[in-house]
Number of protein chains: 2
Amino acid sequence: MEAQLNIAINVVLNSWNTILGMTIGVLDNVTDEDMMREVSLGRNTGIYLLGHLVAVHDRMLPLLGIGERKYPELDDIFLNTPDRSGKTMPPVQELRAKWLETNNALNTAFSAMQPIDWLSRHTSISEEDFAKQPHRNKLNVLASRTTHLAEHYGQLLFLKPRA
Amino acid sequence: MEAQLNIAINVVLNSWNTILGMTIGVLDNVTDEDMMREVSLGRNTGIYLLGHLVAVHDRMLPLLGIGERKYPELDDIFLNTPDRSGKTMPPVQELRAKWLETNNALNTAFSAMQPIDWLSRHTSISEEDFAKQPHRNKLNVLASRTTHLAEHYGQLLFLKPRA
């Protein structure tokens, strides 16, 4: 049964790794100039989406009990306010470096986790509530961030030159 | 340990249900007329993406051993050829009905499955290969189709009127 749990956990981890690799691949193939473009008319720019993803992934560090946040200053620009709010964004090269750092920190921590660790509570639910709601675990955070990433991956694809 | 496996499987099922519900919500709020629009300049139309999702989800029926395909005729238009291939698409109302049918068929079957069933092989891998690659199971198909759906959900959002 333990082997079965490992297999199930690995399905979710593989899903995260796959979509993360695909997103890294797209971002590597979009120029800094093209990152300033909107993914669709009147929608978010590439640079905003990149900053948004860094902020969301950075928040996973404390949420999963992995470590302190690295870039809390990004929340104001990329989570609490929409694109074109008038707030000054960091240069795209700086966001690219933070994107790399954040994902490396997550994946280093993930590779040290045991399958059973993924079923423990995330840090925004109390022990009392978790006893009643055991699905509010770390695996659930990972699965939710995986679909969130996939959603924006589908949008970032539009920054690539059309074939 | 069996309870733990249930919890892990339910994380993946909840992820599917959440993104499916969100996609249904968006499609319900896009008019048939707006479904003819491109999600971004020069990219897929809404109607093409809807047909594509129906075809991909319809293929899950035999792949998961749930049943026969309902709409194999969609593959030629929505899987084997890109948008604007010149092939005649079914009316969007017909695709909307098929989208509903397909997802209902899947979810009815899912609700009858036991957690352990999700770790059994899908039908495109042989028993011999599955013995060596136990991650090629039904849960993996579900997780993969969940990120696929999330990717297109992020794109379909662009058909909604801008706030």
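**Student:** Kindly report on the pattern of salt bridges, identifying the contributing residues and their values.
**Tutor:** Any two side chains of opposite charge can pair, on the condition that their charged atoms come close. Across all of its chains, the model carries 24 salt bridges over all chains by this definition. Arg59(A) is the partner of Asp75(A) in a salt bridge, and the nearest nitrogen-oxygen pair spans 2.9 Å. Of this pair, Asp75(A) sits in helix H3 (residues 74-78) while Arg59(A) sits in helix H2 (residues 46-63), and the two are 16 residues apart along the sequence. For Asp75(A), a relative accessible area of 10% puts it in the buried group. The salt bridge partner of Arg69(B) is Asp58(B), with a shortest N-O separation of 2.9 Å. One end of the pair, Arg69(B), is in the loop between helix H2 (46-63) and helix H3 (74-78); the other, Asp58(B), is in helix H2, with eleven residues separating them in the sequence. With relative accessibility at 0%, the residue Asp58(B) sits in the buried group. Counted as one network, the salt bridges with shared partners bring together Asp58(A), Arg59(A), Arg69(A) and Asp75(A).

**Student:** Hey, could you go over the side chain of Gln155(A) for me, with residue numbers and the actual values?
**Tutor:** Secondary-structure assignment places Gln155(A) in helix H6 (residues 138-156). On the basis of relative accessible area, Gln155(A) is assigned to the buried category, the value being 4%.

**Student:** Please set out the relation of the copies chain B and chain A residue by residue, giving values where relevant.
**Tutor:** The operation relating chain B to chain A is a screw motion whose rotation component is 180°, with 0.0 Å of axial translation and a residual RMSD of 0.0 Å. This pairing of chains is accounted for by a two-fold axis. Most of the interface of chain B is mirrored in chain A: 100% of its interface residues are interface residues there too.

**Student:** With reference to specific residues and values, describe the interface of chain B and chain A.
**Tutor:** Contact residues are listed per partner, giving 35 residues for chain B and 35 residues for chain A. Taken over both partners, the interface formed by chain B and chain A buries close to 3100 Å², and the fraction arising from carbon and sulfur atoms is 69%. Linking chain B with chain A are zero salt bridges, by the criterion used here. Put simply, chain B and chain A have eight residue pairs in polar contact (both at pLDDT 80 or more) between them. Contributing elements (two or more residues each) for the side of chain B that touches chain A: helix H1 (2-28) and helix H6 (138-156) of chain B. Here the side of chain B that touches chain A gets ten residues from one element, more than from any other, and that element is H6(B). The class makeup of the residues in the side of chain B that touches chain A is 19 nonpolar, eleven polar and five charged.

**Student:** Could you give me a rundown of H6(B), with the residues and numbers involved?
**Tutor:** All names here are of chain B. Taking 1.5 Å per residue as the helical rise, H6 with its 19 residues ought to reach 27 Å, and the 27 Å between its terminal C-alpha atoms agrees with that figure. In terms of residue burial, H6 counts as a mostly covered element, since 16 of its 19 residues are buried. Its side-chain oxygen at 3.2 Å from the backbone nitrogen of Leu-139, Asn-137 defines the N-terminal cap of H6.

**Student:** Lay out the packing of H1(B) against H6(B) with the relevant residues and their values.
**Tutor:** Residue and element names in this part refer to chain B. It is at 9 Å that the axes of H1 and H6 come closest, and there the two elements cross at 25°. In this view, H1 runs roughly parallel relative to H6, as classed from their interaxial angle. Between H1 and H6 lies a crossing of left-handed hand. Where H1 approaches H6, its residues Ile-9, Val-12, Leu-13, Ser-15, Trp-16, Ile-19, Leu-20, Met-22, Thr-23, Val-26 and Leu-27 are matched on the opposing element by Leu-139, Leu-142, Ala-143, Arg-145, Thr-146, Leu-149, Ala-150, Tyr-153 and Leu-156. Of the residues assigned to the contact of H1 with H6, the class counts are 16 nonpolar, three polar and one charged.

Conventions we followed
- Residues numbered from 1 in each chain as written.
- Chains lettered and ligands numbered in written order.
- Predicted model: local features only at pLDDT ≥ 70, side-chain atom pairs only at ≥ 80, totals over all residues.
- Heavy atoms only, no water.
- Salt bridge = Lys/Arg side-chain N within 4 Å of Asp/Glu carboxyl O.
- Helix = DSSP H or I, 4+ residues; strand = E, 2+ residues; numbered from the N terminus.
- Buried < 20%, exposed > 50% of the residue type's maximum accessible area, 1.4 Å probe, protein only.
- Least-squares fit on C-alpha atoms with pLDDT ≥ 70 in both.
- Contact = heavy atoms within 4.5 Å.
- Buried area = accessible area lost by both parts, 1.4 Å probe.
- Polar contact = N/O pair within 3.5 Å; in protein donor to acceptor, adjacent residues only side chain to side chain.
- Nonpolar A, V, L, I, M, F, W, Y, C, P; charged D, E, K, R; others polar.
- Expected span 1.5 Å × (residues − 1).
- Axes fitted to C-alpha atoms, helices over the stretch in contact; angles between N-to-C directions.
- Parallel < 35°, antiparallel > 145°, perpendicular 65-115°, else oblique.
- Left-handed = near helix turned anticlockwise from the far one by under 90°.

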